[in-house]
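Single-letter residue listing:
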Amino acid sequence: MNANKALWEKGDFTRLAATMRESGSALVAKLGIKAGADVLDLGCGDGTTAIPAARLGANVQGVDIARNLVEAGNARARAEGLTNITFREGDAIDLNEIADESFDLVVSVFGAMFAPKPFEVAREMFRVTRPGGKIVMGNWIPGDPTLVAQILKVSSAYTPAPPEGFVSPMLWGVESNVTERFVAAGALPENISFERETFTFQAPYSPAVFLETFRKYYGPTMNAFEAAEKNGQEENLQQELESLFESQNQSPDRNQTSIPATFLKVTVLR
């Protein structure tokens, strides 16, 4: 079994994706997508950015390693009556069913960064982008004080050390690493640019309930709690994360959640 596939098919990421819709749509709205453009969303989940791109009239293909998320994305597209988008299973390190230079825009927002073999990921993203097109990634930033980087940092203290040769997905949030990977794929350094932007998780329930959503449905957090429970550290992990979620919440209503998280927006011109 592909370990990355198993991780993202664990739980139900659609429960978290429901809190990401507004920021996903806002991000897509700034990409300058034109009707009729060919767009690939890599690591698309159930369509947080893919479906807004289709609503703008682009021809969208969503690719994700998790079968359950692909099924959920296709169901969302059918429910909206969108005929210009399809979701299918695929691995970001080997897009073997996609021809060279097939897309005007390749997007991956908190998706391809979690695939192993980052140089292969960059190579495949660059390969399937047309000359004159672009790649846009949204990647979490290591050590950042906002929510997601801190969840992963806290959780890592309770989980076993990764296997030898493991490359942290958070390194996609380091500009020098991103540049190295895309230059190796064929990009010119001057065609790679970076911005820091904010993605806000919005939920009609308290931060404590939001944490429970991570605990029950987000593969990495599920794994952290399973490991902590084996070591008698479950309550410590729970308390650390509860404190984190409460402190990061910016909603004036404590029964609502609004938590901003900083990410690195990467743009690569082909």
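Note: the structure precedes this text.
Treat the numbers as computed from the prediction; the structure is a model and nothing was measured. (Residues numbered from 1 in each chain as written. Predicted model: local features only at pLDDT ≥ 70, side-chain atom pairs only at ≥ 80, totals over all residues. Heavy atoms only, no water.)

### Describing the overall build of the protein
At step 1: Looking only at helices and strands, the protein features 11 helices and 7 strands.
At step 2: Against the 2.2 N^0.38 benchmark of 18 Å for 270 residues, the protein shows a C-alpha radius of gyration of 18 Å, consistent with a compact globule.
At step 3: Reported as C-alpha extents along the three principal axes, the dimensions of the protein are approximately 55 × 45 × 35 Å.
At step 4: Looking at the protein as a whole, 54% of its 270 residues are labelled buried.
At step 5: Looking at the protein alone, contacts between residues at least 24 apart form 77% of all its contacts between residues at least 6 apart.
At step 6: Approximately 11900 Å² of the protein is accessible, and the part contributed by carbon and sulfur atoms is 51%.
At step 7: On the protein, the mean spot of the 25 positive side-chain charges and the mean spot of the 34 negative ones are 3 Å from each other. (Helix = DSSP H or I, 4+ residues; strand = E, 2+ residues; numbered from the N terminus. Rg over C-alpha atoms; globule rule 2.2 N^0.38 Å. Buried < 20%, exposed > 50% of the residue type's maximum accessible area, 1.4 Å probe, protein only. Contact = heavy atoms within 4.5 Å. Areas by Shrake-Rupley, 256 points an atom, 1.4 Å probe, with all protein chains shown as cover. Lys, Arg positive; Asp, Glu negative; His and termini not counted. Charge placed at Lys NZ, Arg CZ, Asp CG, Glu CD.)

### Focus on the nonpolar core
At step 1: Core analysis: the largest hydrophobic core is formed by 86 residues, its most contacted members being Ile85, Met125, Trp140, Phe182 and Phe245.
At step 2: Trp140 has contacts with Phe110, Met113, Phe114, Val148, Met170, Gly173, Phe199, Phe201, Ala261, Thr262 and Phe263, leaving out every residue within four places of it along the chain. (Core = buried A, V, L, I, M, F, W, Y, C linked by side-chain atoms within 4.5 Å.)

### What about helix α9 (residues 207-217)?
At step 1: Among the residues making up α9, those that are buried are Pro207, Phe210, Leu211, Thr213 and Phe214. Down the axis of α9, the buried side of the element spans an arc of 150 degrees, and every buried residue falls inside it. (Arc of directions from axis to C-beta.)

### Remarks on the packing of α9 against helix α11 (residues 234-248)
At step 1: In contact at an axis separation of 9 Å, α9 and α11 are set at 130 degrees when each is read in the N-to-C sense. Viewed along their axes, α9 and α11 adopt a mutual orientation that is oblique. Crossing hand, α9 versus α11: right-handed. Residues Pro207, Ala208, Phe210, Leu211, Glu212, Phe214 and Arg215 of α9 form the contact with α11, whose own contacting residues are Glu234, Gln238, Leu241, Glu242, Phe245 and Glu246.
At step 2: Residue composition of the contact of α9 with α11, grouped by class: 7 nonpolar, 1 polar and 5 charged. (Axes fitted to C-alpha atoms, helices over the stretch in contact; angles between N-to-C directions. Parallel < 35°, antiparallel > 145°, perpendicular 65-115°, else oblique. Left-handed = near helix turned anticlockwise from the far one by under 90°. Nonpolar A, V, L, I, M, F, W, Y, C, P; charged D, E, K, R; others polar.)

### Re the pairing of strand β5 (residues 129-140)
At step 1: Bridge analysis of strand β4 (residues 103-109) against β5 gives 6 bridges, and the strand direction is parallel. Looking at the pairing, Val107 lines up with Val136 of β5.
At step 2: For the crossover from β4 across helix α6 (residues 118-127) to β5, the handedness is right-handed.
At step 3: Pairing of β5 with strand β7 (residues 257-269), which is carried by 7 bridges, proceeds in the antiparallel orientation. Bridge assignment links Asn139 to a residue of β7, and that residue is Leu264. (Pairing = 2+ DSSP bridges. Right-handed = clockwise from strand over helix to strand, strands pointing away.)

### Section: the side chain of Asp91
At step 1: Within the secondary structure, Asp91 sits in the loop between β3 (85-89) and β4.
At step 2: Put simply, Asp91 is tucked away with no salt bridge, and the nearest opposite charge, on Lys117, sits 8.1 Å away.
At step 3: Side chain to side chain, Asp91 and Asn2 meet in a polar contact 3.5 Å long.
At step 4: Contact partners of Asp91, with chain neighbours within four places excluded, come to Asn2 and Ile65. (Salt bridge = Lys/Arg side-chain N within 4 Å of Asp/Glu carboxyl O. Polar contact = N/O pair within 3.5 Å; in protein donor to acceptor, adjacent residues only side chain to side chain.)

### Quick look at empty space enclosed by the protein
At step 1: This structure, assessed with the given rule, holds 1 cavity of 30 Å³ or more.
At step 2: Quantified by volume, the largest cavity comes out at close to 450 Å³.
At step 3: Phe13, Gly43, Val109, Phe110 and Gly111 are, among the 33 residues lining the largest cavity, the residues nearest its centre.
At step 4: Of all the secondary-structure elements, those providing two or more residues to the lining of the largest cavity are α1 (3-9), α2 (14-17), β1 (38-42), β2 (59-64) and β6 (192-203).
At step 5: In the lining of the largest cavity, the residues fall into 22 nonpolar, 7 polar and 4 charged. (1 Å grid on protein atoms, 1.4 Å probe; cavity = no way out; pocket = protein on both sides within 12 Å on 5 of 7 lines; lining within 4 Å. Points joined across faces, edges and corners; volume = space filled by probe spheres on them.)

### Details of the layout of surface pockets
At step 1: Quantified by volume, the largest pocket comes out at close to 950 Å³.
At step 2: Lining the largest pocket we find 27 residues, and of these Leu7, Pro162, Phe166, Pro169 and Pro220 sit closest to its centre.
At step 3: Contributions of two or more residues to the lining of the largest pocket are made by α1, α7 (147-156) and α10 (219-230).
At step 4: For the lining of the largest pocket, a count of residues per class yields 19 nonpolar, 7 polar and 1 charged.

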